[in-house]
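Here is what each chain is made of, one letter per residue.
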Amino acid sequence: MSEAAEPEASLLVVVLDTNTAAWERCPLQFDRALQQVIIFLNAYLALKPENKLAVIATNKSECRYLYPTEFTDETTIPEMQVYEQFRDVDTKVLTGVQKMIEGGSMSGNAPAGIEQGQSQVSRALSKALCYINRGTKASANKIWPRILVVSVADDAPREYIALMNTIFAAQKLGVLIDVCKVVGGDSVFLQQAAEITGGNYLKVDTQENRESLLQSLMFTCLADHFTRSMLYSPHNDLIDFRATCFCHKRVVDIGYVCSVCLSIFCKMAPVCSTCKTKFSFKLVRAPSATNGTAAGSKKPTIESAIPKRPETGASDSLFSGTSDRFSRRWQRKGTRGTETTGRITRLDCAKSIVEQIVHSRENYEHDRYMLVSYHSATATSCIRTSLKDSRATLLRELKKLRADDKFSGGSSLTALFNQLALMRGVYDLDTYGYGRYPQLNEPVHIMWLTDGASV
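Parameters at a glance
Residues numbered from 1 in each chain as written. Predicted model: local features only at pLDDT ≥ 70, side-chain atom pairs only at ≥ 80, totals over all residues. Heavy atoms only, no water. Helix = DSSP H or I, 4+ residues; strand = E, 2+ residues; numbered from the N terminus. Buried < 20%, exposed > 50% of the residue type's maximum accessible area, 1.4 Å probe, protein only. Areas by Shrake-Rupley, 256 points an atom, 1.4 Å probe, with all protein chains shown as cover. Phe/Tyr/Trp six-rings, centres within 6.5 Å; stacked < 30°, edge-to-face > 60°. Lys NZ or Arg CZ within 6 Å of the ring centre and 35° of its normal. Salt bridge = Lys/Arg side-chain N within 4 Å of Asp/Glu carboxyl O. Core = buried A, V, L, I, M, F, W, Y, C linked by side-chain atoms within 4.5 Å. Contact = heavy atoms within 4.5 Å. Pairing = 2+ DSSP bridges. Axes fitted to C-alpha atoms, helices over the stretch in contact; angles between N-to-C directions. Patch = residues over 30% accessible without salt bridge, like charges linked within 9 Å, V, L, I, M, F, W, Y side chains within 5 Å. Parallel < 35°, antiparallel > 145°, perpendicular 65-115°, else oblique. Left-handed = near helix turned anticlockwise from the far one by under 90°. Nonpolar A, V, L, I, M, F, W, Y, C, P; charged D, E, K, R; others polar. Right-handed = clockwise from strand over helix to strand, strands pointing away.

(A) Local environment of the overall build of the protein. For the protein, the count of helices and strands is 11 helices and 14 strands. Burial statistics for the protein: of 455 residues in total, 41% are counted as buried. Within the structure as shown, the protein displays about 27,000 Å² of accessible surface, and the carbon and sulfur contribution to it stands at 54%.

Right, dumping it as structure tokens:
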């Protein structure tokens, strides 16, 4: 029987919430909670000599490294009866937390949108991911990174976008995020962080047992990747994946999203309060409730919805020999391309719509077009012109279209979306896990022209 492979070294980054206003609501005193966290850190270092550790403290006004040594100026005095690494961690963490609390009480300055009982968790997670990225690249051997968040503060709605970006970045890097919520209600954002990255979310009850924090950390968050595959971890099925609006700071089911900064609002507004972007709305008037039509108004007909045909005699027109106007009757006889009345067919109407759109946007040099027809002989035979072809090629292929195929649009749409996905992948337009880049926004408009007989 072959022996099990020995687990690789781990890299643990602990994000410690030192918000004094939030700790005042906790039945467990902050100094006792800090002692239990330090015991957990010593136990983690004792598991394997190759284990790496980093500690980051955060509150409402700042975020700083407490350990390792290269990020601080503190020096420790070695003792013969204490393991050197344990003593180093204990001294650095205790001294750093004390200075951070003293500095926070003196300054009291917090970024906009961060209230008294909230902390900068997204900033701490960003620092943790940067440290993990540097540590994994510098290590010659395989190392398994993970993050532990000891949280007491409430969620800050202004940090939603930054926090979700760090969560998706951690998911892409394979970093587990464990969350230990000590006081207050459940954190919606941190619940999503633990669920998305594959970590554990724990709600510690310090009211009944003052030592429950250490017990939860030792039995749930101490195990590495190799050991967790053999343990039954706690799982929460009731996770709220809804977003929080930025205007009233409440969870919404349906909201409005800014297309530039992705801020979420529960009500529609003409200006984004986060990035100050002004939106342009095209309001559609509701039909009048009175009977009949207003004086001087004309009842809309299907003829008004059809674009006007270019004048006869135009050299590049697709309809140089047709009648001067479209017929008002649009009969449904046969299949696509059948004559309506006279010599105008539905296919001719569709060609005219495409031609008018292309000619109306001649001044837009960056526009690209793709012509797709109903055809399922091969996977790509339905694509008549690609995004690399010119407008002249599009108009030339448009003239060649004939209503001689009887296929449905399923295969055509499949080929269309495959080409769009390939294009967005080549130009790196979809940056999952790296945040949103408004300068890379390239909207795609799909215009589907059909007679409605079969889709």
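Additional details are given in the paragraphs that follow.
(B) Fine view of the packing of aromatic side chains. Inspection of every chain in the model, using the stated rule, returns three aromatic pairs. Plain terms: the ring middles of tryptophan 23 and phenylalanine 30 are 5.0 Å apart, the flat faces sit at 55 degrees to each other, and that makes the pair tilted. A relative accessible area of 6% places tryptophan 23 in the buried class. Judged by its relative accessible area of 18%, phenylalanine 30 is buried. In this structure, lysine 142 is placed above the aromatic ring of tryptophan 144, and the distance from its NZ or CZ to the ring centre is 4.7 Å.

(C) Local environment of the pattern of salt bridges. Tallied over the full model, the rule gives five salt bridges. Here arginine 228 makes a salt bridge to aspartate 178, at a shortest N to O gap of 2.4 Å. Here arginine 228, found in helix H8 (residues 225–228), pairs with aspartate 178, found in strand E5 (residues 176–181); they are 50 residues apart in sequence, far enough to count as distant. No difference in accessibility class separates arginine 228 from aspartate 178, as the two residues are buried. A salt bridge links aspartate 367 to arginine 361, with the shortest nitrogen-to-oxygen separation between them at 2.5 Å. Overall, the relative accessible area of 24% leaves aspartate 367 in the partly exposed class.

(D) Focus on the nonpolar core. With 41 residues, the main nonpolar core has Val13, Ile147 and Val149 as its most contacted residues. Among residues more than four places away in sequence, those in contact with isoleucine 147 are Leu12, Val13, Val15, Leu125, Ala128, Leu129, Ile132, Val175, Leu176, Ile177 and Asp178.

(E) Layout of the sheet that holds strand E1 (residues 9–17). Ordered in space as E3-E2-E1-E4-E5-E6, the six strands form an open sheet in which the pairing is mixed. Two strands in the sheet have a free side with no partner beyond their single neighbour: strand E3 (63–67) and strand E6 (201–203). Strand-to-strand twist of the sheet, defined as the mean angle between neighbouring strand axes without regard to direction, takes the value 20 degrees. Pairing between strand E4 (residues 143–151) and E5: six bridges, direction parallel.

(F) How the structure looks around a nonpolar patch on the surface. On the surface, Phe417, Val444 and Ile446 cluster together into a nonpolar patch covering about 270 Å² of accessible area. Position of isoleucine 446 among the secondary structure elements: in the segment after helix H11 (410–426). Using a relative accessible area of 45% as the deciding quantity, one classes isoleucine 446 as partly exposed.

(G) Inspection of the pairing of E1 at higher detail. Of all nine residues in E1, nine are buried; the element is thus mostly enclosed. Of the strand pairs in this sheet, E1 and strand E2 (residues 52–58) are connected by seven bridges, and their pairing is parallel. Opposite aspartate 17, over in E2, you have threonine 58 as the bridge partner.

(H) View of helix H6 (residues 188–197). A large share of H6 lies buried, amounting to eight of its 10 residues. Among the residues of H6, those classed as buried are Val188, Phe189, Leu190, Gln191, Gln192, Ala193, Ala194 and Thr197. Residues of H6 that are buried make contact with helix H4 (121–138), E4, helix H5 (160–173), E5, E6 and strand E7 (243–244). Just beyond H6, the residue with positive phi is glycine 198, at close to 85 degrees.

(I) Fine view of the environment of threonine 274. Relative to the elements of secondary structure, threonine 274 occurs in the loop between strand E10 (264–265) and strand E11 (339–341). Once the C-alpha coordinates of threonine 274 and serine 263 are considered, the two residues, 11 residues apart in sequence, prove to be 6.9 Å apart. With near-sequence residues (within four places) excluded, threonine 274 lies in contact with Arg158, Phe246, Cys261, Ser263 and Phe265.

(J) Highlighting the packing of helix H2 (residues 30–47) against helix H7 (residues 212–221). Across the interface, H2 lies against H7 with an axial gap of 9 Å and an inter-helix angle of 25 degrees. The orientation of H2 with respect to H7, classified from their angle, is roughly parallel. Two packed elements cross with a definite hand, and for H2 against H7 that hand is right-handed. Contacts between H2 and H7 involve Ala33, Gln36, Val37, Ile39, Phe40 and Ala43 from the former and Leu213, Leu214, Leu217, Met218 and Cys221 from the latter. Within the contact of H2 with H7, the residues separate by chemical class into 10 nonpolar, one polar and no charged.

(K) Spatial organisation of the pairing of E5. Extensive coverage of E5 is indicated by the burial of six of its six residues. With burial as the criterion, each face of E5 is covered, one bearing Leu176, Asp178 and Cys180 and the other bearing Ile177, Val179 and Lys181. In this fold, the crossover linking E4 to E5 by way of H5 has right-handed handedness. Relative to E6, E5 runs parallel, the two sharing three bridges. Among the inter-strand pairings, lysine 181 is bridged to a residue of E6, identified as lysine 203. For the segment spanning E5, H6 and E6, crossover handedness is right-handed.

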